[in-house]
Amino acid sequence: MTSYSDPSRPAGADPAALADTPDEALRRSLGVARRRFLSTCTAVAAGAVAAPVLGAAPALAHGRDHGHGHGHDHGRGQVLVPPHKRGIILYTVRDATARDPLASDLPSGFREVFEQLARHGYRQVEFAGYNQHANAPGGASLESVRGARLLRSWLDEYGLRAQGNHGFIPSSWPLTAEDKDTFKKHLEIANILGLDHMGTGGDPTGSSYRADWDVAADKWNALGEIARREGIKLYTHNHDSAYGFLLDRGPLDDQGRPTRSSGIRKLEYFLKVTDPRLVWLEMDIFWAHVAQYKFHTYTAPDGSTRRNVFDPAGLVTRYNKRYPLFHAKDGVVDTTNGMGWDMVPFGTGDIDYTTFFSRVGLSNYRNPMVEDDNSPSATDPAQSLREAKISYDNMAALRRRRR
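Residues numbered from 1 in each chain as written. Predicted model: local features only at pLDDT ≥ 70, side-chain atom pairs only at ≥ 80, totals over all residues. Heavy atoms only, no water.

What follows is about helix α10 (residues 312–319). Of all eight residues in α10, seven are buried, a share of seventy percent or more. Restricting attention to buried positions, one finds in α10 the residues P312, A313, G314, L315, V316, T317 and Y319. Those residues of α10 hidden inside the fold are in contact with α8 (266–273), β8 (279–284), α9 (285–294), β11 (325–328) and α11 (353–360). In the segment just after α10, N320 is the residue with positive phi, at about 45°. (Buried < 20%, exposed > 50% of the residue type's maximum accessible area, 1.4 Å probe, protein only. Helix = DSSP H or I, 4+ residues; strand = E, 2+ residues; numbered from the N terminus. Contact = heavy atoms within 4.5 Å.)

With that settled, the discussion passes to the pairing of strand β14 (residues 367–370). Side chains N367 and M369 of β14 all project onto a buried face; the interleaved residues P368 and V370 project onto the opposite face, where all are buried too. Two elements, β11 and β14, share four bridges in a ladder whose sense is parallel. Considered in β14, the bridge of L325 is made with N367. (Pairing = 2+ DSSP bridges.)

Now for the environment of H239. You can see H239 is positioned in the loop between β5 (233–237) and β6 (249–252). On a C-alpha basis, the gap between H239 and W287 in space is 5.2 Å, while along the polypeptide they are 48 residues apart. Among all residues touching H239, those that are not within four sequence positions of it are G201, G202, D203 and W287.

With that settled, the discussion passes to the packing of helix α4 (residues 109–120) against helix α12 (residues 383–396). Interhelical geometry of α4 versus α12 gives an angle of 30° and a closest axis separation of 9 Å. The orientation of α4 relative to α12 falls into the category roughly parallel. Here α4 and α12 pass one another in a crossing that is right-handed. From α4, Q116, L117 and H120 reach across to α12, where they touch L385, A388, K389 and Y392. (Axes fitted to C-alpha atoms, helices over the stretch in contact; angles between N-to-C directions. Parallel < 35°, antiparallel > 145°, perpendicular 65-115°, else oblique. Left-handed = near helix turned anticlockwise from the far one by under 90°.)

On to the environment of Y269. As for its position among the elements, Y269 is in helix α8. Classification of Y269 by relative accessible area gives buried; the value is 12%. Sequence separation of Y269 and Y243 is 26 residues, and the distance between their C-alpha atoms is 9.8 Å. A distance of 2.5 Å separates polar atoms of two side chains, one belonging to Y269 and the other to D214. (Polar contact = N/O pair within 3.5 Å; in protein donor to acceptor, adjacent residues only side chain to side chain.)

Once that is clear, we can look at the packing of aromatic side chains. Within this structure, the stated rule accounts for 16 aromatic pairs. Here F114 and F127 contribute two aromatic rings whose centre-to-centre distance is 6.2 Å and whose plane-to-plane angle is 85°, an arrangement assigned as edge-to-face. Separated by 13 residues along the polypeptide, F114 in helix α4 and F127 in strand β2 (residues 124–127) bring together distant segments of the chain. Side by side, F114 and F127 carry an identical accessibility label, which is buried. (Phe/Tyr/Trp six-rings, centres within 6.5 Å; stacked < 30°, edge-to-face > 60°.)

The strand order across the open sheet formed by eight strands is β3-β2-β1-β14-β11-β8-β5-β4, and the pairing between neighbours is parallel. The open sheet has two edge strands with one neighbour each: β3 (161–165) and β4 (197–200). When the angles between neighbouring strand axes are averaged without regard to direction, this sheet yields 30°. In terms of strand pairing, β2 meets β3 through four bridges, oriented parallel. If you follow F127 over to β3, its bridge partner there is N165. Against the sheet, helix α6 (residues 177–193) contacts β2, β3, β4 and β5, and its axis sits at roughly 135° relative to β4.

With the rule as written, the count across this model stands at 19 salt bridges. Two residues, D240 and K294, come together in a salt bridge whose shortest N-O distance is 2.7 Å. Here D240 is found in the loop between β5 and β6, whereas its partner K294 is found in helix α9, with 54 residues between them in sequence. Notably, a salt bridge pairs R306 with D302, separated by 3.4 Å at the nearest N-O pair. D302 gets classed as exposed once you look at its relative accessible area, which sits at 54%. Several salt bridges converge on common partners, so that one network encompasses D284, K329, E371 and D373. (Salt bridge = Lys/Arg side-chain N within 4 Å of Asp/Glu carboxyl O.)

Within the element layout of this structure, D284 appears in strand β8. A relative accessible area of 0% places D284 in the buried class. A polar contact of 2.9 Å, which involves the side chain of D284, links it to the side chain of K329.

With that settled, consider α9. In terms of burial, α9 is a largely internal element, nine of the ten residues being buried. Burial in α9 covers these residues: I285, F286, W287, A288, H289, V290, A291, Q292 and Y293. The backbone nitrogen of F286 has a side-chain oxygen 3.1 Å away, supplied by the residue at the start of α9, namely D284.

Quick look at the nonpolar core now. Core analysis: the biggest nonpolar cluster contains 83 residues, and F114, F127, L193, M283, Y323 and F357 have the highest contact counts within it. Among the elements that take part in this core, helix α7 (residues 210–229) stands out by supplying seven residues, more than any other. Beyond its immediate sequence surroundings of up to four residues, M283 is in contact with N238, Y243, A288, P312, L315, V316, Y323, L325, F326, H327 and F356. In terms of nonpolar packing, the next biggest core, distinct from the first, is built from five residues, Y235, W280, L325 and Y365 among them. (Core = buried A, V, L, I, M, F, W, Y, C linked by side-chain atoms within 4.5 Å.)

A word on the confidence of the model for the protein. The share of residues in the protein with pLDDT of 70 or more is 81%, and the mean pLDDT across the chain is 87. With pLDDT under 50 throughout, residues 10–50 is counted as low confidence; its partners more than four residues away or in other chains account for 61 contacts. Contacts from residues 54–75, a stretch scored under 50 in pLDDT, to residues over four places away or in other chains number 64 contacts. (pLDDT = per-residue confidence, 0-100.)

Dropping the structure here:
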């Protein structure tokens with residue numbers, strides 16, 4: 001398997017090297033807010049992850065940010081997410097796009113949802129498929145050239161930019177002719193919509209074994225080449241398991257598979273063996289923090305237990321422009337659910353987004369998409385769009401800390 005060097009990675013980049021002291025290096029590497037560091041670093045130094053890394057939630061904004069600049073806001077400090085980069089994945093408001101417009105006065109279907117999101121202040125959306133309620137304009141499915149043209153007209157009408165889609169990735173490998181044709185159809189749709197990126201909501205493979213990640217890398221390199229010929233960057237999206245440790249060392253089990261690890265994480269290995277010109281990534285920051293909580297030790301080749309606490313922002317800075325997209329999903333600490341975090345609207349949780357966005361930089365390159373899997377409510381039909389507004393205001397309120 002070929003290993004690729006990443007031309008977008010800064011030579012010798014080490015986030016901890018930016019710190020002033022050893023304690024500051026630890027705090028930065030873990031994304032811990034300064035005001036909560038003293039109560040956290042003792043447990044970390046003792047060698048036990050009993051709780052997720054904590055961070056300060058940004059203050060709630062009181063209104064929409066009307067600025068249209070690309071980084072500053074009239075003396076209030078540097079804006080961490082410029083107005084033109086504030087986005088949302090439509091999965092967060094999937095109940096609204098699926099709502100019957102004949103049965104509700106609330107925004108329903110893509111066109112009305114686009115209008116409402118634009119009123120909230122959003123300037124970007126990421127699709128999660130192209131289906132809506134059958135009674136909405138355009139009908140149930142807009143997964144076609146005609147449907148894409150209609151969607152594009154509504155995006156343009158409300159000043160929105162489509163920046164990605166969690167859509168079709170062929171299941172076959174080697175590719176069947178049918179899968180290849182379907183993939184090309186989705187690339188055509190992506191170009192009509194004006195997408196720079198097209199991707200998927202799943203990991204490249206659910207396996208922990210290096211051989212399976214090698215196969216996944218071959219497949220994604222091939223798909224990425226097809227996408228590049230159409231002017232699209234192909235990306236994969238992570239959940240927590242992709243940041244677990246690769247099983248790539250012996251002894252072997254009864255099926256001949258390795259049972260121990262060299263200490264490299266699965267998605268880190270994928271980054272090394274995929275071509276940086278062809279394969280891109282979208283980090284779901286919530287699930288990366290879940291991985292930080294869950295996967296902090298591994299069994300080394302000699303059978304010893306080794307410790308390695310995952311640093312989500314550090315991985316992004318090491319691979320730099322290979323992370324053009326994020327899911328900006330927040331969480332509150334919960335050490336009783338096996339994940340370490342409970343999902344909440346952006347800016348109302350404990351993940352330190354001020355530190356995260358400050359560390360990863362490139363604010364005019366990266367595209368953070370608000371996501372909350374739990375926003376749709378069976379009892380409160382207005383909840384998802386209301387929480388989308390809360391999330392937008394909190395993202396707009398993020399400012400770089402003054403030193």
